[in-house]
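Observations on the three-dimensional arrangement
Here is what each chain is made of, one letter per residue.
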Amino acid sequence: MLQDLQDNTRILSSSKLQESEVRIEHSLNKNEEMFRVRRRNTVQQSLQKLGIRCSVDEVRNIALVGSGGGERAMVGLLGSLVQLDKVGLLDSILYLSGVSGSTWCMASLYQEPDWSTKLEAVKDKIIQRLSGPAVSWGDAFAKLKKYYYEKDIFSLTDFWAAMVVTTFVKEIDERTLTEQWNQQSKDPFPIYTLIDKQFKQKKEGDPWFEITPHEAGFSLTGAFVGVSSFGSQFEKGSMIKKQPEIDMLYLQALCGSALADGDEILKFIWQKIKDLFEKKKNILEEMGKEDPDPSIDKCFQVILDLVDMNLCVLDGKDPSAYDKSIRTTLTDLAGGITQLIFPEGKLDLADKEAAKLYMESYSTDVCNNLSVRFSFWPFDFFYSFCRCIFQWIWGRKYYFLNNMTAKPVPIPLLESEMRDYIDAGLLLNSPYFSVLRKERNINLIISLDFSDGDPFTTVKEAAKMCKERNIPFPEVIIPNGHSEKPKDFYVFKGQNVPTVIHIPLFNVVNCGDDIEAWRNKYCTFQGAYSAEMITDLIEVAGKNITNNKAKVVEEIRAIIGLPV
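Before going into details, it helps to say that this report is about the structure given with it. Worth saying up front: this structure is predicted, and the values here are computed from it rather than measured.

Here we come to the overall build of the protein chain. Scanning the protein chain from N- to C-terminus turns up 22 helices and 14 strands. In terms of overall size, the protein chain behaves like a compact globule, its C-alpha atoms giving a radius of gyration of 25 Å where 564 residues would be expected to give roughly 24 Å. For the C-alpha atoms alone, the extent of the protein chain along its principal axes is close to 90 × 60 × 45 Å. For the protein chain, buried positions account for 59% of its 564 residues. Here the analysis covers contacts within the protein chain between residues at least 6 apart in sequence; of these, 73% occur between residues at least 24 apart. Accessible surface computed for the protein chain: about 22,700 Å², of which carbon and sulfur atoms make up 48%. Counting 67 positive and 78 negative side-chain charges, the protein chain places the centres of these two groups 4 Å from one another.

On to the packing of aromatic side chains, then. Inspection of the entire model under this criterion finds 48 aromatic pairs. When the ring of phenylalanine 35 is compared with that of tryptophan 181, the centres are 5.5 Å apart and the planes differ by 65 degrees; the resulting orientation is edge-to-face. With phenylalanine 35 in helix H3 (residues 30–49) and tryptophan 181 in helix H9 (residues 177–181), the pair connects residues that are 146 residues apart, well separated along the chain. Given the relative accessible area of 1%, phenylalanine 35 is considered buried. Classification of tryptophan 181 as buried rests on a relative accessible area of 8%. On the basis of an interplanar angle of 90 degrees and a centroid distance of 5.5 Å, the ring pair of tyrosine 432 and phenylalanine 473 is categorised as edge-to-face. Taken together, the residues tyrosine 432 in helix H18 (residues 432–435) and phenylalanine 473 in the loop between helix H19 (457–469) and strand S13 (490–492) connect sequence positions 41 residues apart. Judged by its relative accessible area of 11%, phenylalanine 473 is buried. Geometry around phenylalanine 199 places arginine 419 over its ring, the cationic atom sitting 4.7 Å from the centre.

Our focus in this paragraph is the environment of aspartate 513. Here aspartate 513 shows up in the loop between strand S14 (499–504) and helix H20 (515–521). Taking the C-alpha atoms as reference, aspartate 513 lies 54 Å from glutamate 285; in sequence the two are 228 residues apart.

Let us look at the pairing of strand S12 (residues 444–449). Burial analysis of S12 places six of its six residues in the buried class, which makes it a mostly covered element. Side chains Leu444, Ile446 and Leu448 of S12 all project onto a buried face; the interleaved residues Ile445, Ser447 and Asp449 project onto the opposite face, where all are buried too. As paired elements, strand S2 (residues 62–66) and S12 share five bridges and run parallel to each other. Within S12, the residue paired with leucine 64 across the bridge is isoleucine 446.

Under the 1.5 Å per step criterion, the end-to-end length of helix H15 (residues 320–333) is 20 Å for 14 residues, consistent within 8% with the ideal 20 Å. Every buried residue belonging to H15 is among Asp323, Ile326, Arg327, Thr329, Leu330, Thr331 and Leu333, and all of these are buried. Next to the buried residues of H15 lie helix H14 (294–314) and helix H16 (352–373). Just beyond H15, the residue with positive phi is glycine 335, at close to 70 degrees.

Attention shifts here to helix H7 (residues 137–150). The end-to-end C-alpha distance of H7 is 20 Å, a good match for the 20 Å that 14 residues give at a rise of 1.5 Å each. All of the buried residues along H7 are Ala140, Phe141, Lys143, Leu144, Tyr147 and Tyr148. The arc enclosing the buried residues of H7, seen along the axis, measures out at 160 degrees, which places them on a common side.

The subject of this paragraph is the nonpolar core. Judged by nonpolar contacts, the single largest core of 185 residues is most densely connected at Leu81, Ile211, Phe277, Phe382 and Phe385. Of all the elements, H14 adds the most residues to this core, at 11 residues. Dropping the residues within four chain positions of it, phenylalanine 385 is found in contact with Phe154, Leu156, Phe159, Ile269, Trp270 and Ile273.

Here we come to unusual backbone geometry. Following tryptophan 377, the chain continues into proline 378 via a peptide bond in cis, with omega recorded as 0 degrees. Assignment of secondary structure puts proline 378 in the loop between H16 and helix H17 (379–391). Positive phi, close to 50 degrees, is recorded for serine 100, a residue that is not glycine. Assignment of secondary structure puts serine 100 in the loop between strand S3 (95–98) and helix H5 (101–109). The backbone phi angle of asparagine 403 is positive, close to 60 degrees, even though this residue is not glycine. Relative to the helices and strands, asparagine 403 resides in the loop between strand S10 (396–398) and strand S11 (418–423).

The rules behind these values
Residues numbered from 1 in each chain as written. Predicted model: local features only at pLDDT ≥ 70, side-chain atom pairs only at ≥ 80, totals over all residues. Heavy atoms only, no water. Helix = DSSP H or I, 4+ residues; strand = E, 2+ residues; numbered from the N terminus. Rg over C-alpha atoms; globule rule 2.2 N^0.38 Å. Buried < 20%, exposed > 50% of the residue type's maximum accessible area, 1.4 Å probe, protein only. Contact = heavy atoms within 4.5 Å. Areas by Shrake-Rupley, 256 points an atom, 1.4 Å probe, with all protein chains shown as cover. Lys, Arg positive; Asp, Glu negative; His and termini not counted. Charge placed at Lys NZ, Arg CZ, Asp CG, Glu CD. Phe/Tyr/Trp six-rings, centres within 6.5 Å; stacked < 30°, edge-to-face > 60°. Lys NZ or Arg CZ within 6 Å of the ring centre and 35° of its normal. Pairing = 2+ DSSP bridges. Expected span 1.5 Å × (residues − 1). Arc of directions from axis to C-beta. Core = buried A, V, L, I, M, F, W, Y, C linked by side-chain atoms within 4.5 Å.

As structure tokens, this is what we get:
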């Protein structure tokens, strides 16, 4: 199926490309090509300092990929990059690609023009922010409101960005990727990765989606749109309605929402909403209603009861008390006329799917009832939130390939007006496919694995997926017992395939016999790290680079064809 998608491509004329900003072809964006030419000289100079003598034409392409893993990945990638700089390897990197938490680190780095030339200072600045005060509730709430009203489509990703990601990254970064990159010239080329939810669910087509400073699109199929137009409404390849370019906070939520999976996270999100609406006084001040109509108090009460009712059901507890309170309050709001049309009945809590459907219908009925009287902020947001949480809508955007008719656009790419984009870690927790694009011609992949659990899952799954898709990738064989007690350096290579260096974060070299203790200390889903935790993790991650500089240099010599 994928081969069919790759074969069915078309090239738009330059005039049409300028008009539509949609590009379907197996080639790199011209701006990325220009960057590669400039970067090649930087890489050659870096290799010379490492004792590797080669001409510019002999320079090979090296990609550094960072896995997901929440704040653990963010801090771990930062510590690794700092040491790569100190040992003289950072300037040999052409591409820096990330999934989930690693993209949080990337977003912080690329705020700074030429960050790779002053990384120690940039690192200190990031640590100071991460260990400092949280984003204020008022600022986060204002950002949520802005997301809700500034574009056509709202999803849980907007809520996740404003109310969750901010608690980890401790800032609201409203700059865009194009604004960041316009300042850059001396850093590796960044690739942020996610996946298309519909393709993931159907298990066909090309789910791998990338966002660079120039384009957003499907990595393997070769279908792209200008990054500033990603999310705008398109019809037959031409933009018909402009939407705001996504900012860096939203991009971090778009890439970093793998945490948002499973019942526990569902409870977490409902609890976040409860915390928000319990701040009634703050909300009323923001609304300019110091002495509100008593009916608004009742609306708040219904919302909080509805949230508690959903939490009760998720915990398998009887929600009848909240049901009774909701019905009573809605009747009071209507002057004694019974309002809820949803019938009263016993809820079968043992049947989770039936309970979910019951609460979806019940919550929809409550929201429809409230919306007749309360159709303004923040109540309108709550109604949209309920729809998104029950339908599990994340990263929904207008689709830039909508109704394209010029052949041969692959049919599976044309099936909807909107698409949902989610954390790539839900399919593969490392961004291999972004750097395995044939056009990028990568010779060496340095894989930094910050994943939870088995540190070889990503590389093994990447090898399996590549075999299924006929994409060159080395065979991956892990010695017995290494999943529990990994070393700090593995190399996988073969004929006519890129070499892959794989470095697990926690290993027997930097952690000794305490690997499990380190894993437990830095769980994927926990509160923000303290300054001490951040410093310790940066040091541990850095050791993986310091201890293996000579081995990395040896592999670089090998891909160039020099004696090792």
